[in-house]
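# Overview (structure and organization)
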Amino acid sequence: MIRLEFHGAAQTVTGSKYLVRSGQDALLIDCGMFQGLKELRLRNWEHPDFDVADLKHIILTHAHTDHTAYLPRLHKLGFRGVVYCSAATAKLTEIILLDAAHLQEEDARYLNKKGMTKHKPAQPLFDVSDAKAVIKLLRPVSINQEHRISPHFAYTFRPVGHILGACSIRLVVRDGGTSRSIYFSGDVGRNDSALLPDPSGPIDSDY
């Protein structure tokens, strides 16, 4: 059975995480941190509603925090798979994750110094060591080319502007004799940017 689950960016635009299941295989599209209102930020501390240790693949549309910055937390919870992305996304994600980890550590130190926390002591959601560990799992791949990563999953990146390296994803999911394609747009940029390519149109897909 092919199943699509929404674990973020549903009823809000932040915390993007889409889990696709086929048989015993599972793949995550994006791994974003919730931002904004406190009720959203608190969701970053909740354990995901899926088995992190069984997750083998993550594919990133682009490097922004609401699409990538939960990666160190996921590694801290046991993720040891591979994170696929464009080459530019890999470079930007490294910068963003290290910066996010530094801010998490600084916030915890400040709360402990001021005694402004009910937790004794306040802990960061993740730290620099968590960020460095998951950065090692990033695997840059080419765009406009299909990549098969398991008997159940194959994907193709298509450039969509927005920021450097941003891509949409056409995911082909197989389960037994059934094959379906799902197109994830990511965040789409505009035409005629001085620095970024025009967004590519979507490839025909079932969903």
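Everything below is about the structure printed above this text.
Remember, predicted model here, so these are calculated numbers, not experimental data.

### Re helix 4 (residues 87-114)
Taking 1.5 Å per residue as the helical rise, helix 4 with its 28 residues ought to reach 40 Å, and the 41 Å between its terminal C-alpha atoms agrees with that figure. Those residues of helix 4 that fall on the buried side of the exposure criterion are T89, A90, T93, L97, A100, A101, Q104, E105 and A108. Positioned one or two residues after helix 4, G115 has a phi angle of 65°, which is positive.

### A word on the packing of aromatic side chains
Counted under the stated rule, the structure contains four aromatic pairs. For the pair Y18 and F184, a centre-to-centre distance of 5.8 Å together with 35° between the ring planes defines the contact as tilted. Note that Y18 is positioned in strand 2 (residues 18-22) and F184 in strand 10 (residues 178-184), a separation of 166 residues in sequence. Summarising the burial analysis for this pair, Y18 and F184 share the class buried. Taken together, the ring pairs in this structure connect F6, Y18 and F184 into an aromatic cluster. Here the guanidinium or amino end of K17 rests over the ring plane of Y70, the centre of that ring lying 4.5 Å away.

### Concerning the pattern of salt bridges
In total, this model carries three salt bridges according to the counting rule given. Across the pair E5 and R3 runs a salt bridge whose closest N-O atoms are separated by 2.9 Å. The shortest N-O distance in the salt bridge between E5 and R21 comes to 2.7 Å. Taken as a pair, E5 in strand 1 (residues 2-6) and R21 in strand 2 lie far apart in primary sequence, 16 residues in all. By relative accessible area, E5 is classed as buried at 13%. Three or more residues joined by partner-sharing salt bridges are found here, namely R3, E5 and R21.

### Things to note about the pairing of strand 10
Across seven bridges, the pairing between strand 9 (residues 167-175) and strand 10 is antiparallel. Paired with D175 across the two strands is T178, which belongs to strand 10. A loop of two residues connects strand 9 with strand 10, the two strands running antiparallel in sequence, and G176 in this loop sits at a positive phi of about 65°.

### A closer look at the sheet that holds strand 7 (residues 146-148)
The sheet built from four strands is open, its strands ordered 7-8-9-10 with antiparallel pairing. Lying at the two open borders of the sheet, with one neighbouring strand each, are strand 7 and strand 10. For this sheet, the mean angle separating the axes of adjacent strands, direction not counted, is 20°. In this structure, strand 8 (residues 153-159) lies alongside strand 9, joined through seven bridges in antiparallel fashion. Residue pairing across strands places F157 opposite I169, the latter belonging to strand 9.

### Some remarks on the sheet that holds strand 1
What the six strands build is an open sheet, ordered 1-2-3-4-5-6; its pairing is mixed. Sheet topology places strand 1 and strand 6 (138-141) at the edges, where each strand pairs with a single neighbour. Averaged over neighbouring strand pairs, the angle between their axes works out to 25° when direction is ignored. Here strand 2 pairs with strand 3 (residues 25-29) via five bridges, running antiparallel. Within strand 3, the position partnered with S22 by the bridge is D25. Sitting on the sheet, helix 4 touches strand 5 (82-86) and strand 6, and the angle it makes with strand 5 is about 115°.

Reading the values: the criteria
- Residues numbered from 1 in each chain as written.
- Predicted model: local features only at pLDDT ≥ 70, side-chain atom pairs only at ≥ 80, totals over all residues.
- Heavy atoms only, no water.
- Helix = DSSP H or I, 4+ residues; strand = E, 2+ residues; numbered from the N terminus.
- Expected span 1.5 Å × (residues − 1).
- Buried < 20%, exposed > 50% of the residue type's maximum accessible area, 1.4 Å probe, protein only.
- Phe/Tyr/Trp six-rings, centres within 6.5 Å; stacked < 30°, edge-to-face > 60°.
- Lys NZ or Arg CZ within 6 Å of the ring centre and 35° of its normal.
- Salt bridge = Lys/Arg side-chain N within 4 Å of Asp/Glu carboxyl O.
- Pairing = 2+ DSSP bridges.
- Axes fitted to C-alpha atoms, helices over the stretch in contact; angles between N-to-C directions.
- Contact = heavy atoms within 4.5 Å.

Everything listed is a geometric property; what it means functionally is a separate question.
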